[in-house]
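# Observations on chain architecture
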Amino acid sequence: MVSGKKKRRTEEENRKFNQDWTESFGFICNTDGLPTCLICHEKLARNKKSNLEIHCATKHAQFAGKYPTGDARKKAVEELQKTTTVKFHAK
């Protein structure tokens, strides 16, 4: 028996990058509109908070421990943004 249900398409959900994720998780929005990690420069496939949380918890737990939320994290992320901008423009 064939189901008449349509498959869910994530492209149609219009997910947007939230600027708060930059300070919270250390991600920026790349030119394709996808989140890119400032620490390891990995691009994630979807703009979902849970994906960013999982990435940070599994790959950058030391960063989160060293820079808890607040001013220390904000300064660390700003420094990462400066070095990332220099790396991308130097190529």
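Above: the structure in question.
Description of the structure in this document. Source: prediction; values computed, not measured.

Cut-offs applied
Residues numbered from 1 in each chain as written. Predicted model: local features only at pLDDT ≥ 70, side-chain atom pairs only at ≥ 80, totals over all residues. Heavy atoms only, no water. Patch = residues over 30% accessible without salt bridge, like charges linked within 9 Å, V, L, I, M, F, W, Y side chains within 5 Å. Areas by Shrake-Rupley, 256 points an atom, 1.4 Å probe, with all protein chains shown as cover. Salt bridge = Lys/Arg side-chain N within 4 Å of Asp/Glu carboxyl O. Lys, Arg positive; Asp, Glu negative; His and termini not counted. Charge placed at Lys NZ, Arg CZ, Asp CG, Glu CD. Helix = DSSP H or I, 4+ residues; strand = E, 2+ residues; numbered from the N terminus. Phe/Tyr/Trp six-rings, centres within 6.5 Å; stacked < 30°, edge-to-face > 60°. Buried < 20%, exposed > 50% of the residue type's maximum accessible area, 1.4 Å probe, protein only.

## Concerning a negative patch on the surface
Negative charge collects at one region of the surface, where D20, E23, D71 and E78 lie side by side. Of all the secondary-structure elements, those providing two or more residues to the negative patch are α1 (20-25) and α4 (71-90). Within the secondary structure layout, E23 lies in helix α1.

## With respect to the packing of aromatic side chains
Aromatic rings in a pair are described by how distant their centres are and how their planes are angled relative to each other. Applying the stated criterion to the full structure yields two aromatic pairs. Aromatic pair F63 and Y67: ring centres 5.0 Å apart, planes at 50 degrees, arrangement tilted. Under the relative-accessibility criterion, F63 is labelled buried at 17%.

Everything listed here is a matter of coordinates, which is why it stays silent on function.
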